[in-house]
Amino acid sequence: MDINDSLFERARQSIPGGVNSPVRAFGSVGGSPRFMKKAQGPYMWDEEDKRYIDYIGSWGPMILGHNHPEVIRAVHEAVDMGLTFGCATQREILIAEEIKKIIPSIEEVRLVSSGTEAGMSAIRLARGFTGRNKIIKFEGCYHGHSDSLLVKAGSGMLTFGNPSSAGVPAGVTEHTLVLEYNNPAQLEDAFKRYGDDIACVIVEAVAGNMNMVPGKPEFIQAMRDLCTQYGALLIVDEVMTGFRVALGGAQSLYHVTPDITMFGKVIGGGMPVAAFGGRRDVMEKIAPCGPVYQAGTLSGNPVAVACGLATLKLIQEPGFYDRLASQTKRLTDGLQQIANDAGVAFSAQSAGGMFGLYFLDKCPEGFSDVMKSDTKRFNVFFHSMLEEGTYFAPSVFEAGFVSIAHTDEVIDETLKAAKVAFEKVSQL
Ligand SMILES: *Cc1c(COP(=O)(O)O)cnc(C)c1O
């Protein structure tokens, strides 16, 4: 038994499922998860000292690659000054100003510690601002694990949702309507029926939690128009897409102005920072200015904010996103070519430094398409790549991430491994 196997067995004695977040457990691909001990640039090393090219990037934050020297320096400097004060700090102003400079829809922003918190708070704020109860979300989009968002579609198209997790009372999800992604007609029907009690629509404009599915421009536009028409707020969840699909996030790609935006992942550069922000009149409903309660002991933590701030500075270097996008496209184009040569039904696409790989003959347009993915072929591909030292997300439902440290040479090494993997897949 190797080291990863024995660590996994030991972990399961004291941690539920051996992991502190479920997708890490390799539940859908089988086998033991790798226990990582260090990382540098595009690479991670496990406890057996095996090296992997990392295409997860801690699920999004590591856009600069691991351990960028300037980020590490900023963190060390902050650590030396104290770990947490529970008081206001100057650095919090700097990061708020930086976010406002990059994302024009943000007039005020509040920091929290996770994307889940950002989503939960944004929903409460939308309800508090509008005085309405109902929220609309889309099938396949993920906005964190707060109660009202852990919901699956009801039995009919326009019926309210049922909890998708044990422990969530039906009373909590009875105000959540789950609609089909990329279906503007259905959204319009929902507004016609319930428009006067809809507080907000929450969406990933480029969905990254059902593998990657870009929103259609007419879908995103319909959402903006309907929210404005009916007095609901549009919450764009940029926890994954923010500073990732483009410097200005998905909202810059779609030219859409959200009322509230959620951030996470890249904004903390690898430390627990997330945020929600937007219109000043909306944001001023939050305590201590307004009646919507929201708080956090470690919100705006000085070390985490220093890490995020250093990251936000570095991604604004000229040419950063062109390079990131072209490296990502080199990967997806290369994989597509190899799959074609091997005769494997496969498709791939990218948006900035984010990508989707699908064992489908064309790119999916929504959750039901993604559900048709050939999981058996994906699993063979995944394990072959892992064996060759290339770490993709261990599930067909996850998007992938490239960092600026994934140079052409690193991508080409991955493509070499992919030749072996697709050969195996073609023999199934
Ligand atoms: C990761 C993610 C979240 C949740 O963020 P956590 O920090 O894991 O709580 C919310 N929304 C989207 C789109 C995400 O990708």
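Anyway, here's the lowdown on the structure attached to this text. Since the structure is predicted, the reported quantities are computational estimates derived from the model, not experimental observations.

**As for the sheet that holds strand S8 (residues 176-179)**
Phase 1 of the analysis: Across the sheet, which stays open at both edges, the 7 strands sit in the order S4-S14-S13-S12-S9-S5-S8 with mixed pairing between neighbours. In this open sheet, the two strands that pair with only one neighbour each are strand S4 (108-112) and S8. Between one strand axis and the next, the sheet turns by 20° as a mean value, whatever way the strands run.
Phase 2 of the analysis: When strand S5 (residues 134-138) meets S8, the two strands line up parallel, connected through 4 bridges. Following the sheet pairing, Phe138 is matched in S8 by Leu179.

**Considerations on the packing of helix H2 (residues 69-80) against helix H10 (residues 302-314)**
Phase 1 of the analysis: It is the contact of H2 with H10, at a shortest axis distance of 8 Å, that shows an interaxial angle of 155°. When the axes of H2 and H10 are compared, the pair comes out roughly antiparallel. Between H2 and H10 lies a crossing whose hand is right-handed. The residues of H10 that touch H2, namely those facing Glu70, Val71, Ala74, Val75, Ala78 and Val79, are Pro302, Val303, Ala306, Cys307, Ala310, Thr311 and Leu314.
Phase 2 of the analysis: Of the residues assigned to the contact of H2 with H10, the class counts are 11 nonpolar, 1 polar and 1 charged.

**Describing the site of the ligand**
Phase 1 of the analysis: Every residue near the ligand is listed here: Ser114, Gly115, Thr116, Tyr142, His143, Gly144, Glu204, Asn209, Asp237, Val239, Met240 and Lys265.
Phase 2 of the analysis: In this structure, Thr116 approaches the ligand through a side-chain N or O atom, which is 2.7 Å from an oxygen atom.
Phase 3 of the analysis: Asp237 is positioned with one of its side-chain polar atoms (N or O) 2.7 Å from a nitrogen atom of the ligand.
Phase 4 of the analysis: Isolated, the ligand exposes 380 Å² of accessible area, and the fraction of that covered by the protein chains is 82%.
Phase 5 of the analysis: Its residues placed into classes, the shell around the ligand shows 3 nonpolar, 6 polar and 3 charged.

**Topic: unusual backbone geometry**
Phase 1 of the analysis: A cis amide bond, omega 10°, links Ala287 with the succeeding residue Pro288.
Phase 2 of the analysis: With respect to the helices and strands, Pro288 occurs in the loop between helix H9 (280-283) and H10.
Phase 3 of the analysis: Backbone geometry places Asn211, a non-glycine residue, at a positive phi of 55°.
Phase 4 of the analysis: With respect to the helices, strands and loops of the structure, Asn211 is situated in the loop between strand S10 (206-207) and strand S11 (213-214).
Phase 5 of the analysis: Overall, Asn211 belongs to the buried group, its relative accessible area being 2%.

**Some thoughts on the packing of aromatic side chains**
Phase 1 of the analysis: Inspection of the entire model under this criterion finds 22 aromatic pairs.
Phase 2 of the analysis: A centroid spacing of 5.3 Å and a plane angle of 80° characterise the contact between Phe26 and Phe382, whose relative ring orientation is edge-to-face. You can see Phe26 sitting in the loop between helix H1 (3-14) and strand S1 (36-40) and its partner Phe382 sitting in helix H13 (residues 375-387), a full 356 residues away along the chain.
Phase 3 of the analysis: In this structure an aromatic cluster arises from ring pairing among Phe26, Tyr52, Tyr55, Phe346, Phe355, Phe359, Phe378, Phe381, Phe382, Tyr391, Phe392 and Phe422.
Phase 4 of the analysis: In this structure, Arg12 is placed above the aromatic ring of Phe8, and the distance from its NZ or CZ to the ring centre is 4.3 Å.
Phase 5 of the analysis: Stacked on the ring of Trp45, the Lys or Arg Lys38 has its end atom at 4.8 Å from the ring centre.

**Considering the layout of surface pockets**
Phase 1 of the analysis: In this model, the second largest pocket occupies a volume close to 530 Å³.
Phase 2 of the analysis: When contributions to the lining of the second largest pocket are tallied by element, the ones reaching two or more residues are helix H3 (90-102) and S4.
Phase 3 of the analysis: With 5 residues, the single largest contributor to the lining of the second largest pocket is H3.
Phase 4 of the analysis: Residue composition of the lining of the second largest pocket, by class: 13 nonpolar, 9 polar and 5 charged.

**Regarding the packing of H13 against helix H14 (residues 408-426)**
Phase 1 of the analysis: As a packed pair, H13 and H14 sit with axes 9 Å apart at the nearest point and diverge in direction by 140°. Taken together, the axes of H13 and H14 lie oblique to each other. Handedness of the crossing formed by H13 with H14: right-handed. Residue-level inspection shows Arg377, Val380, Phe381, Ser384 and Met385 of H13 in contact with H14, the latter providing Thr414, Ala417, Ala418, Val420, Ala421, Phe422, Lys424 and Val425.
Phase 2 of the analysis: For the contact of H13 with H14, the residue count by class is 9 nonpolar, 2 polar and 2 charged.

So, how was this worked out
- Residues numbered from 1 in each chain as written.
- Predicted model: local features only at pLDDT ≥ 70, side-chain atom pairs only at ≥ 80, totals over all residues.
- Heavy atoms only, no water.
- Pairing = 2+ DSSP bridges.
- Helix = DSSP H or I, 4+ residues; strand = E, 2+ residues; numbered from the N terminus.
- Axes fitted to C-alpha atoms, helices over the stretch in contact; angles between N-to-C directions.
- Parallel < 35°, antiparallel > 145°, perpendicular 65-115°, else oblique.
- Left-handed = near helix turned anticlockwise from the far one by under 90°.
- Contact = heavy atoms within 4.5 Å.
- Nonpolar A, V, L, I, M, F, W, Y, C, P; charged D, E, K, R; others polar.
- Near = heavy atom within 4 Å.
- Polar contact = N/O pair within 3.5 Å; in protein donor to acceptor, adjacent residues only side chain to side chain.
- Areas by Shrake-Rupley, 256 points an atom, 1.4 Å probe, with all protein chains shown as cover.
- Buried < 20%, exposed > 50% of the residue type's maximum accessible area, 1.4 Å probe, protein only.
- Phe/Tyr/Trp six-rings, centres within 6.5 Å; stacked < 30°, edge-to-face > 60°.
- Lys NZ or Arg CZ within 6 Å of the ring centre and 35° of its normal.
- 1 Å grid on protein atoms, 1.4 Å probe; cavity = no way out; pocket = protein on both sides within 12 Å on 5 of 7 lines; lining within 4 Å.
- Points joined across faces, edges and corners; volume = space filled by probe spheres on them.

What is shown is where atoms sit, not what they do.
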